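# Coordinate inspection notes
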Amino acid sequence: MKRLLILITSVAVAATVIAMIDRLQYPESRKVDVVDDYFGTLVADPYRWLEDTESADTRAWIESQNALTFGFLKRIRERGAIRDRLTKLWNYERFSTPVAEGGKYFFTRNSGLQNQAVLYVADALNADARVLLDPNKLSKDGTVALGPWTPSPNGRYLAYAIQSGGSDWLEWKVRDVATGEDIGESIKWSKFSGASWTQDSEGFFYSRYDEPRPGEELLGVNIYQKLYYHRVGTSQSEDVLVYKRDDEREWGFGGIATEDGDYLVIV
């Protein structure tokens, strides 16, 4: 009976929402006369103007769409109850699987409702863990996220990447595990990449693209990914190009150093 009542309630809510949607007045999405000729095939692209994400017209269109969306959501009476229920379900402590390097143990922990899990390190299995990196403090507005991270084999360094504004671009940094402070590294234009340390913990392999032209950071096509080696304490301009394929513009590469330090496996 309880499940039946829930089903009936859900159907009623869905019917109410559908009725509300039918009454919506959507903002006008202006069409323009743009047609591309691809080898004799004409392809219309009437919304090309929306590709200019910073234009006044595009910003006005986004604001009108947001006003419609959030105005609609505010009128759903059940929204508060749904939010409260989901908040209760999500509010529990959780941990990642620990990573052991150099006698230290690295793991993430979310106390319950934190936007991002916090990275901790413990100097031994029976030692108290301490905060190594709290990604919730990377930006005031929460738009910077912690990406891939990898401790060095000796446990001295942490290579970690940050992502800004939801972009796939990674900016790699290196943190001193003992002090909890970054050592000044900044490795940009990496994407779809991890970091693989050499056994001597002096550097790591990562993948990146060529620096895009100004203004095309989020618009240009990413081609010809390359595999590089970065040595800790040096600038990115000194990184060593390890592998590239000029004949395969769409291929991507990952480098994985073997545990004995003798080989680099390129995927």
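These remarks concern the structure in this document.

Criteria and cut-off values
Residues numbered from 1 in each chain as written. Predicted model: local features only at pLDDT ≥ 70, side-chain atom pairs only at ≥ 80, totals over all residues. Heavy atoms only, no water. Helix = DSSP H or I, 4+ residues; strand = E, 2+ residues; numbered from the N terminus. Rg over C-alpha atoms; globule rule 2.2 N^0.38 Å. Buried < 20%, exposed > 50% of the residue type's maximum accessible area, 1.4 Å probe, protein only. Contact = heavy atoms within 4.5 Å. Areas by Shrake-Rupley, 256 points an atom, 1.4 Å probe, with all protein chains shown as cover. Pairing = 2+ DSSP bridges. Salt bridge = Lys/Arg side-chain N within 4 Å of Asp/Glu carboxyl O. Polar contact = N/O pair within 3.5 Å; in protein donor to acceptor, adjacent residues only side chain to side chain. Core = buried A, V, L, I, M, F, W, Y, C linked by side-chain atoms within 4.5 Å. Lys, Arg positive; Asp, Glu negative; His and termini not counted.

### Here we look at the overall build of the protein
Each helix and strand counted, the protein has 3 helices and 18 strands in total. Relative to its length of 267 residues, the protein is extended, with a C-alpha radius of gyration of 25 Å against a globular reference of 18 Å. Projected onto its principal axes, the C-alpha coordinates of the protein cover approximately 65 × 60 × 35 Å. The buried share of the protein, taken over its 267 residues, is 30%. Long-range contacts, defined here as pairs at least 24 residues apart, represent 34% of the contacts in the protein between residues at least 6 apart. Accessible surface, the protein as shown: approximately 17500 Å² in total, 53% of it carbon and sulfur.

### Focus on the pairing of strand β15 (residues 226-231)
The buried count for β15 comes to 5 of 6 residues, which makes it a mostly enclosed element. Here strand β14 (residues 203-208) pairs with β15 via 6 bridges, running antiparallel. The residue bridging Gly 203 from the neighbouring strand is Arg 231, located in β15. As defined by bridge partners, β15 adjoins strand β16 (residues 240-243) across 3 bridges and the pair is classed as antiparallel. Across the sheet, residue Leu 227 finds its bridge partner in β16, namely Tyr 243.

### Thoughts on the pattern of salt bridges
Two side chains carrying opposite charge are able to pair once their charged atoms lie near each other. The final tally for this structure, using the stated rule, is 13 salt bridges. The partner of Arg 48 in a salt bridge is Asp 45, and the shortest N-O contact between them spans 2.6 Å. We classify Arg 48 as partly exposed; its relative accessible area is 28%. In this structure, the salt-bridge partner of Arg 48 is Glu 51, at a minimum N-O distance of 3.9 Å. For Glu 51, a relative accessible area of 48% translates into the label partly exposed. Among the charged side chains, a salt-bridge network with shared partners connects Asp 36, Asp 45, Arg 48 and Glu 51.

### Remarks on the side chain of Ser 190
The residue Ser 190 is located in strand β12 (residues 187-190) in this model. With a relative accessible area of 0%, Ser 190 lands in the buried category. Within polar-contact distance, the side chain of Ser 190 engages the side chain of Trp 172 at 3.1 Å. Of note is the side chain of Ser 190, whose polar atom sits 2.7 Å from the backbone oxygen of Ser 207. The residues contacting Ser 190, other than those within four sequence positions of it, are Asp 168, Trp 169, Leu 170, Trp 172, Tyr 206, Ser 207 and Arg 208.

### Observations regarding unusual backbone geometry
One non-glycine residue, Phe 39, lies in positive phi territory at about 55°. Looking at the element boundaries, Phe 39 is found in the loop between β1 (35-38) and β2 (41-44). At Phe 192, a residue that is not glycine, the phi angle is positive and equals roughly 55°. Position of Phe 192 relative to the elements: it lies in the loop between β12 and β13 (196-197). Under the relative-accessibility criterion, Phe 192 is labelled exposed at 55%.

### Quick word on the nonpolar core
Soluble globular proteins tend to bury their nonpolar side chains together. Judged by nonpolar contacts, the single largest core of 13 residues is most densely connected at Ala 159, Trp 172, Trp 197, Phe 204 and Tyr 206. Elements that contribute at least two residues to this core include exactly β9 (157-164), β10 (170-176) and β14. Residues within four places of Trp 197 in sequence aside, it is in contact with Thr 150, Pro 151, Ser 152, Pro 153, Tyr 157, Leu 158, Ala 159, Glu 202, Gly 203, Phe 204, Val 232 and Ala 257. Formed by 11 residues, the second largest nonpolar core is a distinct cluster that contains Val 121, Leu 133, Leu 158 and Val 177.

### Re the environment of Ile 187
Topologically, Ile 187 is positioned in strand β12. As for Ile 187 and Ser 235, which are separated by 48 residues in sequence, their C-alpha atoms are 8.1 Å apart. Aside from chain neighbours lying at most four places away, what touches Ile 187 is Leu 170, Glu 171, Trp 172, Phe 204, Tyr 206, His 230, Gln 236 and Asp 239.

### Observations regarding the side chain of Glu 185
For Glu 185, the position within the fold is in the loop between β11 (181-182) and β12. Although Glu 185 is buried, it forms no salt bridge, and the closest oppositely charged side chain is Arg 231 at an N-O distance of 9.9 Å. For Glu 185, the side chain forms a polar contact with the side chain of His 230, separated by 2.4 Å. A polar atom in the side chain of Glu 185 sits 3.1 Å from the backbone nitrogen of Gly 233. The residues touching Glu 185, leaving out its near neighbours within four places in the chain, are Trp 172, Lys 173, Val 174, His 230, Arg 231, Val 232, Gly 233 and Thr 234.

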